[in-house]
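Remarks on the overall topology
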Amino acid sequence: MTIPTPSPLGVAVIGYAFMGKAHSNAWRNVASFFDVPAFEQKVLVGRDATQVAEAAAKYGWAESATDWRSVIERDDIHIVDICAPGWMHAEIATAALEAGKHVLVEKPLANTLGEAESMVAAAASARTRGVQSMIGFNYRRVPALALARELIAEGRLGTVRHIRAAYLQDWLTDAESPMTWRLRKETAGSGALGDIASHAIDQILYLLDDAVTEVSGRLQTFVDQRPGAEGLEDVTVDDAAWVNLSLVSGAIASVEASRVATGQKNSLRLEIYGSLGSLTFDLENLNELKFMDTTMPVREQGFRRILVNEPEHPYLGAWWPQGHIIGWEHTFTHQIRDFLTAIAAGEAPSPSFEEGLNVQHILAAVEESAAAKGSLIQLNASVTEGA
């Protein structure tokens with residue numbers, strides 16, 4: 001069933017901090033570069049009336065609000081973009097879908113499997129009424145990674161044998177760094193595992209179009225207490241995570257994630273090794289993809305640098321002349337573009353809530369394994385399938 005697409009579509013973003021700012025930038029710019037359905041930046045929602053009003057004026061929103069419930073009831077709101085912390089995702093997304101609003105929600109889908117499953121049920125029900133939903137794994141929209149997926153699908157790597165993924169940051173290296181909601185299990189769900197390892201795991205499923213059958217993992221909190229408003233508070237999530245995955249294809253993947261990797265600012269490194277070639281990528285050089293092709297003569301073999309800036313590369317035809325690089329923020333613009341075009345076409349966008357739930361199953365298995373000192377956890381591959 002396809003419902004008529006209103007014109008223009010009214011958009012509300014819930015959350016105005018880091019992700020709210022990134023998403024607002026995308027909403028403000030997407031129509032300047034891509035052909036998308038007409039929409040209006042209606043309202044930015046946040047808890048602090050003064051701060052959200054200031055953010056709305058700065059980010060191009062027509063108005064601000066503090067009550068998300070009243071916003072999703074408005075007839076002039078057709079899309080709800082959720083950038084609030086994970087503990088709020090399930091309640092907001094479910095209410096918005098039931099109100100007939102298309103929903104985009106930041107990753108991870110929710111803080112618990114139960115919440116994620118309820119969101120998937122709400123999304124499936126809404127889809128029968130033509131209401132679409134998507135989870136924001138924005139690194140799928142890095143042109144170099146989209147190109148990597150194409151090369152793998154074309155068989156350029158042959159049989160993929162193993163994958164190494166490492167997402168490393170250092171913003172918690174200093175033991176005096178203050179407590180935030182991201183360091184409390186009740187608000188964040190998990191630490192580096194859900195925050196950044198989820199991106200790496202989604203990339204493995206996305207790039208290989210594969211599914212996970214076995215999981216083992218370890219979690220570590222290096223700084224147990226951090227200064228809060230009333231003295232030292234207990235950190236109840238992990239600082240770092242190590243994960244091993246077995247895939248249906250027979251490939252093996254390793255994932256490392258840390259928010260205490262001194263000197264690493266935002267490095268998502270991916271290495272994919274196949275029987276005919278290999279690919280490597282680092283988010284800190286997101287315009288580049290390294291490709292090794294063993295079908296070339298031996299004397300010409302070696303990793304070669306592909307500058308992913310040609311109009312023939314995914315998404316790049318909308319941007320600048322060749323060699324004029326793009327940045328991290330463009331992944332969100334591409335994400336909004338894909339979401340809007342899917343809505344206009346009446347098609348379910350990817351990654352779906354179901355795909356987000358797949359990642360949640362893997363994250364939960366990592367926690368189970370870590371609690372059992374790294375024991376191997378079996379998963380039903382049907383619930384961990386990629387895009």
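Note that the structure is a prediction, hence the values are computed from the model and not measured.

With respect to helix α1 (residues 18-33)
In this model α1 runs 23 Å from its N-terminal to its C-terminal C-alpha over 16 residues, within 8% of the 22 Å that 1.5 Å per residue would give. The principal kink in α1, of about 30 degrees, is found at Trp 27. Turning to α1, its buried residues number three or more, namely Met 19, Gly 20, Ala 22, His 23, Ser 24, Ala 26, Trp 27 and Val 30. Those residues of α1 that are buried are in contact with β1 (9-14), β2 (39-45), α2 (49-59), β4 (79-82), β5 (102-106) and α9 (330-345).

Re the environment of Thr 262
Residue position: Thr 262 is located in the loop between β12 (252-258) and β13 (267-274). Separated by 91 residues in sequence, Thr 262 and Trp 171 have C-alpha atoms that sit 8.2 Å apart. Contact partners of Thr 262, with chain neighbours within four places excluded, come to Asp 170 and Thr 173.

Comments concerning the pairing of strand β9 (residues 225-228)
With 4 bridges connecting them, β9 and strand β10 (residues 231-234) associate as antiparallel partners. Each bridged residue has a counterpart across the sheet, and for Gly 228 the counterpart in β10 is Gly 231.

Concerning helix α10 (residues 353-371)
Between the first and last C-alpha of α10 there are 27 Å, a value that for 19 residues agrees with the 27 Å anticipated at 1.5 Å per step. Just downstream of α10 lies Lys 373, where phi reads positive at about 60 degrees.

Overview of the nonpolar core
Of all hydrophobic cores here, the largest spans 116 residues; its most connected members are Leu 245, Ile 272 and Phe 353. Beyond its immediate chain neighbours, meaning those up to four positions away, Ile 272 contacts Ile 152, Leu 157, Val 160, His 162, Ile 163, Leu 207, Leu 208, Gly 277, Ser 278 and Leu 279. Residues Leu 183, Val 235, Val 237 and Val 260 belong to the second largest nonpolar core, which totals 6 residues.

Describing the sheet that holds strand β17 (residues 377-378)
Pairing is mixed in the open sheet, where 9 strands are placed in the order β16-β15-β14-β13-β7-β12-β11-β8-β17. If you trace the sheet from one side to the other, it starts and ends with β16 (304-307) and β17, each paired once. Pairing of strand β11 (residues 240-247) with β12 involves 7 bridges; the strand directions are antiparallel. By the bridge assignment, Asn 244 is partnered in β12 with Ser 254. Packing against the sheet, α10 makes contact with β8 (212-220), β11 and β17, and its axis sits at approximately 55 degrees to β8.

Each value, and the rule that gives it
Residues numbered from 1 in each chain as written. Predicted model: local features only at pLDDT ≥ 70, side-chain atom pairs only at ≥ 80, totals over all residues. Heavy atoms only, no water. Helix = DSSP H or I, 4+ residues; strand = E, 2+ residues; numbered from the N terminus. Expected span 1.5 Å × (residues − 1). Bend = angle between axes of the 7 residues up to and from the residue. Buried < 20%, exposed > 50% of the residue type's maximum accessible area, 1.4 Å probe, protein only. Contact = heavy atoms within 4.5 Å. Pairing = 2+ DSSP bridges. Core = buried A, V, L, I, M, F, W, Y, C linked by side-chain atoms within 4.5 Å. Axes fitted to C-alpha atoms, helices over the stretch in contact; angles between N-to-C directions.

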